[in-house]
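Commentary on secondary and tertiary structure
Each chain, written out:
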Amino acid sequence: RSVLTLTVVLSILLFLFLLTGSPLIIQIYHIQSEAVLALIPYVCAVFAFRICFRCFNFTIFSILRSGGDSKIISFLDSGLLFGVAVPLAYLGIYVFGMKSVALVYLLSQSEQIVRFILGLKRIQKGFWAKDLTFIH
């Protein structure tokens with residue numbers, strides 16, 4: 001629990017840093033296009049959101065890996081990417097006609113939330129803790 005608490009605190013701090021520091025980061029690149037400059041704050045906000053959940057998921061995945069729950073980790077890594085993120089991005093572009101890069105990026109990163117929910121439920125149930133010692 002203390003690791004998850006620390007992750008929550010660090011993720012929120014990182015989120016706030018990226019959100020408030022994005023104007024400074026943007027200035028490094030000397031972008032001239034007004035259209036790109038108008039889009040960048042939204043993309044940075046989605047990126048900050050993604051990084052926040054990525055930190056959570058890194059901690060959750062580390063806990064699950066330490067217990068030997070590799071099948072679930074494989075599902076949460078690859079399965080959700082191709083089962084949630086790719087179809088949602090496809091639907092957003094080709095079915096709903098989304099033109100905003102930030103919205104499509106948000107849709108493609110929504111699998112991070114699903115990973116977080118499923119991983120946290122797996123930890124809470126305790127199924128991940130397997131006996132990895134083979135004492136005969």
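Just above sits the structure.
Worth saying up front: this structure is predicted, and the values here are computed from it rather than measured.

Another aspect to go through is unusual backbone geometry. What you tend to see is this: most non-glycine residues have negative phi, and most peptide bonds are trans. You will see that His 30, though not glycine, has its phi angle at about 50°, which is positive. Inspection of the secondary structure puts His 30 in the loop between α1 (2–28) and α2 (34–66). On the basis of relative accessible area, His 30 is assigned to the exposed category, the value being 62%.

Glancing now at helix α5 (residues 111–125). Here α5 is 15 residues long and its end C-alpha atoms lie 21 Å apart, about the 21 Å a rise of 1.5 Å per residue gives. Every buried residue of α5 is accounted for by Glu 111, Gln 112, Arg 115, Gly 119, Arg 122 and Ile 123. What you see down the axis of α5 is that its buried residues fit within an arc of 100°, all on one side. Opposite its buried face, α5 presents the exposed residues Gln 124 and Lys 125, each directed more than 90 degrees away. As for α5, its buried residues are in contact with α2, α3 (70–95) and α4 (101–109). Looking one or two residues past α5, Gly 126 carries a phi angle of roughly 80°, positive in sign.

Rules of the game
Residues numbered from 1 in each chain as written. Predicted model: local features only at pLDDT ≥ 70, side-chain atom pairs only at ≥ 80, totals over all residues. Heavy atoms only, no water. Helix = DSSP H or I, 4+ residues; strand = E, 2+ residues; numbered from the N terminus. Buried < 20%, exposed > 50% of the residue type's maximum accessible area, 1.4 Å probe, protein only. Expected span 1.5 Å × (residues − 1). Arc of directions from axis to C-beta. Contact = heavy atoms within 4.5 Å.

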